[in-house]
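Residues per chain, in single letters:
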Amino acid sequence: MTGRKTSRKSGRNLEFLIITYVFLALFLIMIVYLVWFQIFRSDTVINSTYNSRLDLYAERVVRGDIISGDGVVLASTDVHEDGTETRSYPYGRMFAHVVGYSNNGKGGLESQYNFQMLRSHSFLLTQIYNDLTDRKNAGDSLVTTLDYDVQEAAYHALGDRDGAVVVLEAKTGKVLALVSKPDFDPNTLAEKWESVVSDSSSSVLLNRVTQGLYPPGSTFKIFTTLEYVHENPSFRDYSFQCEGEVTVEDSSIHCYHNNVHGQEDLKASFANSCNTSYATIGLTLDISRFHDLLKEMMFGQTLPGNLSATKSRFTLSAEDGTGKIMQTAIGQGDTLVSPLHMAMVAAAIDNQGVVKVPYLVDHVENDNGNTVRRYHSSDYKTILSESDAQLMREYMDSVVDSGTARKLSGQSYHAAGKTGSAEYDSSGNSHGWFVGYGSKEGYEDIAIAVIVEGGGSGSESAVPVAKSVFDIYFNQ
């Protein structure tokens with residue numbers, strides 16, 4: 001009898017122990033989730049436009065400013081005598097897509113960092129006094145990574161043409177400039193809202209740097225080159241006789257303006273942007289391995305950071321015909337890329353193959369200029385080996401030294417890159433591309449992507465834009 005009682009008691013103790021451990025495990029899971037939520041998700045949830053708590057913040061806080069990295073106020077709140085508030089954008093269209101707007105919803109930094117600008121870290125006694133006297137507290141301000149002079153140079157260099165320019169610090173990921181055209185004036189957007197959203201042809205609210213997708217044209221030869229090099233250890237022995245046109249199985253590829261480049265090795269093919277050479281190279285590639293390379297290069301992937309970029313696209317299979325393979329190898333076909341993606345690739349080539357996470361805000365500060373929160377540079381991943389990065393720097397140097405971007409040679413700085421002319425219709429009209437980077441002793445290296453819609457040759461339309469940016473940045 002005693003044995004049976006002891007057995008029942010032991011069984012109950014085991015059940016109690018199991019239940020205790022289950023509840024303890026659930027408790028620990030909840031604690032871990034709460035910590036994770038506070039660190040990684042709380043700002044995102046609070047900042048949601050569906051969160052009514054933000055309205056309560058706005059009733060007690062005057063929205064903070066948005067400031068460039070060199071101290072220029074890009075957005076501020078004007079408080080009138082009757083207590084009404086107006087959001088003001090002193091430089092209007094120039095920073096429209098990156099700074100954003102705060103009427104009829106929000107866009108750009110105004111949306112992404114809404115919560116931070118509706119918080120106040122003013123001196124505690126000042127907050128208490130304002131609460132007692134029914135006054136609003138001063139909201140915190142965003143100090144961005146943007147460089148006013150670089151943004152201005154990019155904006156004016158693009159002129160009245162549609163397109164995009166993005167400039168990154170190659171070794172940190174800081175966004176120094178972000179220009180998208182067509183643009184809008186955030187000061188008058190509210191009164192023109194109906195006409196803006198009803199005009200589907202203009203797409204002025206579209207941020208082309210992050211959400212625009214374009215055929216990459218010859219800038220894609222960066223990737224075709226890498227795949228060919230990986231598959232052919234003797235790539236330096238490559239030789240091709242360019243006659244301006246090549247035809248394989250009824251599919252013909254022409255060099256730009258039917259230029260005849262003559263005898264070329266691989267580097268000369270890259271520098272001259274020889275379509276016939278690269279179309280021929282494309283037919284020799286292992287398509288499956290090419291897919292793997294492009295996946296590593298962030299095609300079809302969500303780009304790191306919070307700039308909400310559209311995924312670049314690459315679709316090609318071994319079953320596709322000769323024509324599509326040849327077209328794809330030179331950056332046509334169905335391949336589409338965003339300017340931000342291409343700028344990140346250029347930055348990685350300059351940075352020993354390491355991709356940095358792009359970011360737009362350096363720190364948040366209170367009304368006394370004290371830092372409340374600081375954002376830091378961070379690595380995303382390595383997409384090229386150091387030897388591959390070195391090889392691409394060598395090839396991109398040749399584009400400036402003797403190839404299609406010679407307008408950048410002989411400057412006070414060193415520039416390298418790849419031009420592109422990306423056809424977008426059956427008439428042969430093209431967008432102009434330049435993707436590359438610049439360096440100079442005493443300055444941080446910068447990477448750039450420029451696309452000029454309908455610009456034709458990248459040499460004629462996009463390279464001058466890049467030069468304007470480099471000229472300003474490296475001579476500040």
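The coordinates are above.
Residues numbered from 1 in each chain as written. Predicted model: local features only at pLDDT ≥ 70, side-chain atom pairs only at ≥ 80, totals over all residues. Heavy atoms only, no water.

## As for the overall build of the protein chain
- Helix and strand counts for the protein chain stand at 16 helices and 19 strands.
- Overall size of the protein chain, expressed as C-alpha extent along the three principal axes, is 90 × 85 × 50 Å.
- Taking all 476 residues of the protein chain together, 51% fall into the buried category.
- Nonlocal contacts in the protein chain, meaning residues at least 24 apart in sequence, comprise 67% of its contacts between residues at least 6 apart.
- As displayed, the protein chain offers around 22,200 Å² of accessible surface, 50% of which is attributable to carbon and sulfur atoms. (Helix = DSSP H or I, 4+ residues; strand = E, 2+ residues; numbered from the N terminus. Buried < 20%, exposed > 50% of the residue type's maximum accessible area, 1.4 Å probe, protein only. Contact = heavy atoms within 4.5 Å. Areas by Shrake-Rupley, 256 points an atom, 1.4 Å probe, with all protein chains shown as cover.)

## Brief notes about the sheet that holds strand S19 (residues 446–452)
- The five strands are arranged S8-S7-S19-S18-S17 in an open sheet whose pairing can be described as antiparallel. Taken across any chain shown, the strands that pair with only one partner, and hence form the sheet edges, are strand S8 (175–181) and strand S17 (414–423). Neighbouring strand axes in the sheet, compared pairwise and without regard to direction, differ in orientation by 10 degrees on average.
- As paired strands, strand S7 (residues 163–169) and S19 are joined by seven bridges and run antiparallel to one another. Along S19, the bridge assignment pairs Gly 163 with Val 452.
- Across the sheet, helix H15 (residues 386–401) is in contact with S17 and strand S18 (430–439); its angle to S17 comes to roughly 80 degrees. (Pairing = 2+ DSSP bridges. Axes fitted to C-alpha atoms, helices over the stretch in contact; angles between N-to-C directions.)

## Remarks on the pattern of salt bridges
- All chains considered together, the criterion is met by 18 salt bridges.
- Of the charged contacts in the structure, one is a salt bridge between Arg 93 and Asp 183, with a shortest N-O distance of 2.9 Å. Taken together, the positions of Arg 93 in the loop between strand S4 (85–88) and helix H3 (96–99) and Asp 183 in the loop between S8 and helix H8 (193–198) put the pair 90 residues apart, joining distant regions of the chain.
- Relative accessible area serves as the criterion here: at 37%, Arg 93 is assigned to the partly exposed category.
- Classification of Asp 183 by relative accessible area gives buried; the value is 13%.
- Between Arg 208 and Glu 453 there is a salt bridge, with its nearest N and O atoms 2.8 Å apart. Of the two residues, Arg 208 is situated in the loop between H8 and helix H9 (221–231) and Glu 453 in the loop between S19 and helix H16 (458–473); the sequence distance between them amounts to 245 residues.
- Exposure remark for Glu 453: the relative accessible area of 22% places this residue in the partly exposed category. (Salt bridge = Lys/Arg side-chain N within 4 Å of Asp/Glu carboxyl O.)

## Digging into the sheet that holds strand S3 (residues 73–79)
- The six strands lie next to each other as S4-S3-S2-S6-S14-S15, forming an open sheet whose pairing is mixed. The sheet terminates laterally at S4 and strand S15 (371–374), the two strands that pair on one side only.
- Pairing geometry for S3 and S4, over four bridges, is antiparallel. Within the sheet, the bridge partner assigned to Thr 77 lies in S4 and is Arg 87.

## A few points about the nonpolar core
- Among the nonpolar cores identified, the biggest contains 117 residues, and Phe 223 and Phe 470 are the most heavily contacted of them.
- Residue contributions to this core peak at nine residues, all from helix H14 (residues 339–350).
- Every residue in contact with Phe 470, bar those within four places of it in the chain, is listed here: Leu 408, Tyr 413, Ala 415, Phe 434, Tyr 437, Gly 438, Ile 446 and Ile 448.
- Counting seven residues, the second-largest nonpolar core is a separate cluster that includes Ala 96, Leu 189, Trp 193 and Val 204. (Core = buried A, V, L, I, M, F, W, Y, C linked by side-chain atoms within 4.5 Å.)

## Digging into the state of the cysteines
- Evaluated as defined, the whole model comprises zero disulfides.
- Cys 242 forms no disulfide, and the closest cysteine sulfur to it belongs to Cys 274, at a distance of 3.5 Å. (Disulfide = S-S within 2.5 Å.)

## Re the environment of Tyr 443
- Relative to the elements of secondary structure, Tyr 443 occurs in the loop between S18 and S19.
- When the C-alpha atoms of Tyr 443 and Asn 475 are compared, they prove to be 9.6 Å apart, with 32 residues separating the residues in sequence.
- Excluding residues within four positions of it along the chain, Tyr 443 makes contact with Tyr 473, Phe 474, Asn 475 and Gln 476.
- Within polar-contact distance, the side chain of Tyr 443 engages the backbone oxygen of Phe 474 at 3.1 Å. (Polar contact = N/O pair within 3.5 Å; in protein donor to acceptor, adjacent residues only side chain to side chain.)

## As for the packing of aromatic side chains
- For the structure shown, the criterion picks out 21 aromatic pairs.
- Consider the rings of Tyr 473 and Phe 474, whose centres lie 4.9 Å apart with planes at 85 degrees: the pair is edge-to-face. Taken individually, Tyr 473 and Phe 474 each receive the classification buried, so the pair is uniform in this respect.
- Within the aromatic cluster, the residues linked to one another by ring pairs are Phe 220, Phe 223, Phe 290, Phe 299 and Phe 314.
- When the ring centre of Tyr 155 is taken as origin, the NZ or CZ atom of Lys 181, which lies over that ring, is 3.8 Å away.
- The side chain of Lys 418 reaches across the aromatic face of Phe 270, ending 5.6 Å from its centre. (Phe/Tyr/Trp six-rings, centres within 6.5 Å; stacked < 30°, edge-to-face > 60°. Lys NZ or Arg CZ within 6 Å of the ring centre and 35° of its normal.)

## Here we look at unusual backbone geometry
- Across the junction of Lys 181 and Pro 182, the peptide omega takes the value 10 degrees, indicating a cis bond.
- Mapped onto the elements of the fold, Pro 182 is located in the loop between S8 and H8.
- One non-glycine residue, Glu 249, adopts positive backbone phi at about 50 degrees.
- By secondary structure assignment, the location of Glu 249 is in the loop between strand S10 (245–248) and strand S11 (251–254).

## Observations concerning helix H12 (residues 287–296)
- Residues of H12 that are buried include every one of Ile 287, Phe 290, Leu 293 and Leu 294, and no others. One face of H12 carries all of its buried residues, which in axial projection span an arc of 110 degrees. Facing away from the buried side of H12, by more than 90 degrees, are the exposed residues Asp 292 and Lys 295.
- The inward-facing, buried residues of H12 abut H9.
- You can read the cap of H12 off the contacts: a side-chain oxygen lies 3.0 Å from the backbone nitrogen of Ser 288, and it is on Asp 286.
- At the exit of H12 stands Met 298, carrying a positive phi of roughly 80 degrees. (Arc of directions from axis to C-beta.)

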